[in-house]
Amino acid sequence: MIDRAFFGVDVVSLARRLVGITLLVDGVGGVIVETEAYHRYDDAAAHSARGVTPRTRVMFGPPGHLYVYRSYGLHWCMNVVGGTLPGCAVLLRAIQPTHAVGQMHERRGKVTSRLLCAGPGRLTQALGVNISHNGADLSLPPFTWIIPHRATAVIAGPRIGITKDVHHPWRFTLAGSSFVSRRVG
DNA sequence: CCGCTGATAATCT
DNA sequence: GATTATCAGCGGA
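Read on for an overview of the structure. Given the structure is predicted, the values throughout are model-derived calculations rather than measurements. (Residues numbered from 1 in each chain as written. Chains lettered and ligands numbered in written order. Predicted model: local features only at pLDDT ≥ 70, side-chain atom pairs only at ≥ 80, totals over all residues. Heavy atoms only, no water.)

### Section: the protein's contact with DNA strand C
Defined as follows: Here a residue is considered near a molecule or strand provided that any single heavy atom belonging to it is located within 4 Å of it. Each polar contact in these results corresponds to two N or O atoms within 3.5 Å; when the atoms are within protein, one needs to be able to donate a hydrogen and the other to accept it, and residues that are neighboring in sequence are counted only if both atoms are side-chain atoms. Where helices and strands are cited, they refer to DSSP runs of H or I of at least four residues and of E of at least two residues respectively, numbered from the N terminus.
Lining the immediate environment of DNA strand C, one finds 19 residues, of which Tyr 69, His 75, Asn 79, Arg 108 and Arg 122 sit closest. Put simply, 58% of the atoms of DNA strand C that lie within 4 Å of the protein are in sugar or phosphate. The separation between a sugar or linking oxygen of DNA strand C and a polar side-chain atom of Tyr 38 is 3.5 Å. At a separation of 3.2 Å, a base nitrogen of DNA strand C approaches a polar backbone atom of Ala 45. Among the elements of the structure, β3 (66-71), β4 (75-81), β5 (89-99) and α3 (120-127) are those that each provide at least two residues to the surface near DNA strand C. Here the surface near DNA strand C takes 3 residues from α3, the largest share from any one element.

Structure representation (structure tokens):
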């Protein structure tokens, strides 16, 4: 079981540290290869930027819980609530599939291996995450974390798909990975 | 490889 | 009524 304190560090540091860690949901998942930090303070792109609403309630709760929201009316996106201030979270954008890959392909339909979990909406579909997981404690089942012993090479760059505060270099990718939604640069 | 477009609903103005 | 932390499918180069 992961230490609860793992999530209680500065949210940008947390986003960087999550890259390289393996996350499983009911035994299905893989290595996190792409994340983005949303900071709440001085970050207009964060859902929490205008305070607590029914949707963003979980973002203002304790670190180490899951924030799930619907994107563009079609997709689910999953975030790790964390950081040292309320309203911060890390969007999980891509993983390298390693565990129960066959089950992920069943859920995703006819797609190539590279696109199985490359993108926030694809990732949640492959892992079977939806609104029923909103607010869940990430240190308990069905979530499993496998933290590598070796350090991970991580590249930082600007976030994707937003229109406000686009300059912050708060997107992190695993160096050299072909399983990201888009390469930095 | 690249760019365009429609789908679809909660949230915000 | 407009915007949105997106994706798949299509056509063209």
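After presenting the structure, the write-up continues.
### Comments concerning the side chain of Thr 56
Our working definition: For each residue, the accessible area found with a 1.4 Å probe, counting protein chains only, is set against the maximum for its type, and the residue is called buried under 20%, exposed over 50%, and partly exposed in between. The criterion used for residue contact is that any of the two residues' heavy atoms lie within 4.5 Å.
As for its placement among the helices and strands, Thr 56 is situated in the loop between β2 (28-38) and β3. Note on Thr 56: relative accessible area 0%, which makes it buried. The contact partners of Thr 56, leaving out residues within four places of it in the chain, are His 47, Ser 48, Gly 51 and Tyr 67.

### Looking at the protein's contact with DNA strand B
Cut-off, in case you're wondering: Residues were grouped as follows: Ala, Val, Leu, Ile, Met, Phe, Trp, Tyr, Cys and Pro as nonpolar; Asp, Glu, Lys and Arg as charged; and all remaining residues, including Gly, as polar.
Close to DNA strand B lie Arg 50, Thr 53, Arg 55, Tyr 72, Gly 73 and Leu 74, which account for all nearby residues. When atoms of DNA strand B within 4 Å of the protein are split into backbone and base, the sugar-phosphate part holds 64%. At a separation of 2.3 Å, a base oxygen of DNA strand B approaches a polar backbone atom of Tyr 72. For the surface near DNA strand B, the per-class residue count stands at 2 nonpolar, 2 polar and 2 charged.

### Some words on the nonpolar core
Basically, it comes down to this: To define a nonpolar core, start from buried Ala, Val, Leu, Ile, Met, Phe, Trp, Tyr and Cys residues and group those joined through side-chain atoms within 4.5 Å.
Counting 43 residues, the largest nonpolar core has Leu 18, Val 80, Leu 92, Leu 127 and Trp 145 as its most contacted members. Beyond its immediate stretch of four places on either side in the chain, Leu 92 contacts Leu 18, Leu 23, Ile 32, Glu 34, Thr 35, Met 78, Val 80, Pro 120 and Leu 123.

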